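Remarks on the overall topology
Chain by chain, the residues run as shown.
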Amino acid sequence: MNARQANPWAALSALCLGFFMILLDTTIVSIAVPNMLSKLNTGLNSVVWVISVYLLTYAVPMLFTSRLGDRFGPKRVFLAGLIVFTGASLWCGLSGSVEMLIAARAVQGLGAALMTPQTLAFITHLFAPAKRGPAMGAWGGVAGLATIAGPLLGGVLVDHLGWEWIFFVNVPIGVIAIVLTVLLVPDWQPKHAHAFDFIGIFLSAAGLFCLVFGVQNGQQYDWGTVFAGITVFEFIGAGVVLLVAFVLWQKYNRREPLVPLAVFGNRNFSAGTLTATTVGFTMTGMFLPLIIYIQTVLGLSPTLAGVLTAPMSLLSGVIAPFVGRASDRINGKYLVMGGLSLLALGIGIIAVQARPDTSPWALIPALLVCGLGIGCIFSPMSNLTMASVQPQLAGTASGIFNTARQVGGVLGSAAIGVLLQARISASIADEATTAATQLPEQYRQPFADGIAHAAASTGEFGSSAGPAPIPGLPADIAAQAGRLASEAVHNGLTDAARATLILPIAVLILGVGSASFLRRVTPRPAPTPTSPTSSETPVTA
């Protein structure tokens, strides 16, 4: 192929289209869970696997796939991942059983892991440091828009076409992204002759798998035995041990470690990576209690639930490019800290407002505050984290940065899920005991016990109608008991959602603290036209 002048913005548009699909699929599935349960005739645990297996195969291989970009070229690895992701999306939509869907989602996550590390590495190559802020702003806008837009698009597709279309929608987008990548993205070859650290690859992959598997699926196994006498905590412990062994191996590996620990000597990279972990935790975890409250308590359909969150999505996407440009002129850490604080404030307002009789549309101002915060976070956080990383470590650093965010998301989903389950059981049991006082004395204990037993299974509360009728009650008080049961469930779910939202707020406060350690990076003068890092340099497409 003839050499030509690469247009960095055209190349970025192709990369962002693929990145959009990846982040969309981290949120779009959750809103389709009730439809999947009925259409696939399966249980809740199996559908949870549809979500968790994608997160696992996305997060675990990312350190390795970042090295593939350094070795074989980011364009080639990105394109391979895009093809895998698009094909797996078609497979997901055609799956006739939950087992096949789980397998297809695992392959889809692997495609995402191949693509993600290459995006930030390309931005550092295509744009000179002084011009990188707007590019990071566009990238951040795509990240915020896709992450939050999932429930809106998913709700519309599920309500009108069925759950299969949350995967089919990726196919035409993927085909367009493949064509644009081939035509517009330069075939940049870092030509770093890396030796693959196979021991490090095994230790990191096995450690992350065991840790994520244990935390993500602990509630599924009731924090007990998984199989063959191996417990959830033994999985988590094994993951910690393997990750410690991985760090020690990286320290003493004298050849070429998978993760050069020297990169963490960069203050901005260390602080930015921790901040990204807290953002991933919050962005994934906050939606579980929010969607349950909106759909189950307030009774909105999936489409209307998506419409309710749409203004947050739009605001975050609109503001991100302006924040990216502003980060070139002012200290970006204050934008990140302000964005994290606004996101925490918005979640806090929602927690205060949440009541069983709250109008759904009264939540929009708080959701807009969340959207404003999200729009302020991604681009300056990424820019400050990656700007001072040495060019030869850009691919590896990008993999670490993205892995941290995804692991944060997995941990957020698991931790929020565990806390929400505990609060649902406790809150509904308390509400049932209070409601039972309005019944004749001989029916109070059976009523309270029945509601408490139902609260142990989240499947009992998949709709706004409340739990199934309590058996054994005379017909003359059945209607009263049904009304009291519905009120107890809605009050309990509301209290559980409000209490659970405190956890992401606390994690965001940690993020504000870590972001305070970020330092402003003074852009270096743009390289001369003969420099290989200059955005003015002709490159081969």
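Okay, so let's go over this structure. Predicted model only: the values in this text are computed from it and were never measured. (Residues numbered from 1 in each chain as written. Predicted model: local features only at pLDDT ≥ 70, side-chain atom pairs only at ≥ 80, totals over all residues. Heavy atoms only, no water.)

1. Description of the overall build of the protein
Scanning the protein from terminus to terminus reveals 20 helices and 4 strands. Counting across all 541 residues of the protein, residues that qualify as buried make up 56%. Here the analysis covers contacts within the protein between residues at least 6 apart in sequence; of these, 83% occur between residues at least 24 apart. Roughly 21000 Å² of accessible area belongs to the protein as shown, and the carbon and sulfur atoms make up 67% of that amount. (Helix = DSSP H or I, 4+ residues; strand = E, 2+ residues; numbered from the N terminus. Buried < 20%, exposed > 50% of the residue type's maximum accessible area, 1.4 Å probe, protein only. Contact = heavy atoms within 4.5 Å. Areas by Shrake-Rupley, 256 points an atom, 1.4 Å probe, with all protein chains shown as cover.)

2. Some words on a nonpolar patch on the surface
Where nonpolar side chains cluster on the molecular surface, the patch consists of V175, V179, V182 and L183 and spans about 320 Å² of accessible area. Tracing the backbone shows V182 in helix α9 (residues 170-184). (Patch = residues over 30% accessible without salt bridge, like charges linked within 9 Å, V, L, I, M, F, W, Y side chains within 5 Å. Salt bridge = Lys/Arg side-chain N within 4 Å of Asp/Glu carboxyl O.)

3. Digging into helix α11 (residues 232-252)
Here α11 spans 30 Å end to end across 21 residues, near enough to the 30 Å set by a 1.5 Å rise per residue. Of the residues making up α11, those classed as buried are V232, F235, I236, G239, F246 and Q250. Down the axis of α11, the buried side of the element spans an arc of 95°, and every buried residue falls inside it. Every exposed residue of α11 that faces more than 90 degrees away from the buried side is listed here: F233, V241 and Y252. (Expected span 1.5 Å × (residues − 1). Arc of directions from axis to C-beta.)

4. Here's the deal with the nonpolar core
In this structure, L343 and F447 are the most contacted members of the largest nonpolar core, which totals 118 residues. Once you skip the residues sitting within four places of it in the chain, L343 turns out to touch T282, M283, M286, C370, G373, I374, I377 and L508. Residues V33, C92, F167 and V169 belong to the second largest nonpolar core, which totals 19 residues. (Core = buried A, V, L, I, M, F, W, Y, C linked by side-chain atoms within 4.5 Å.)

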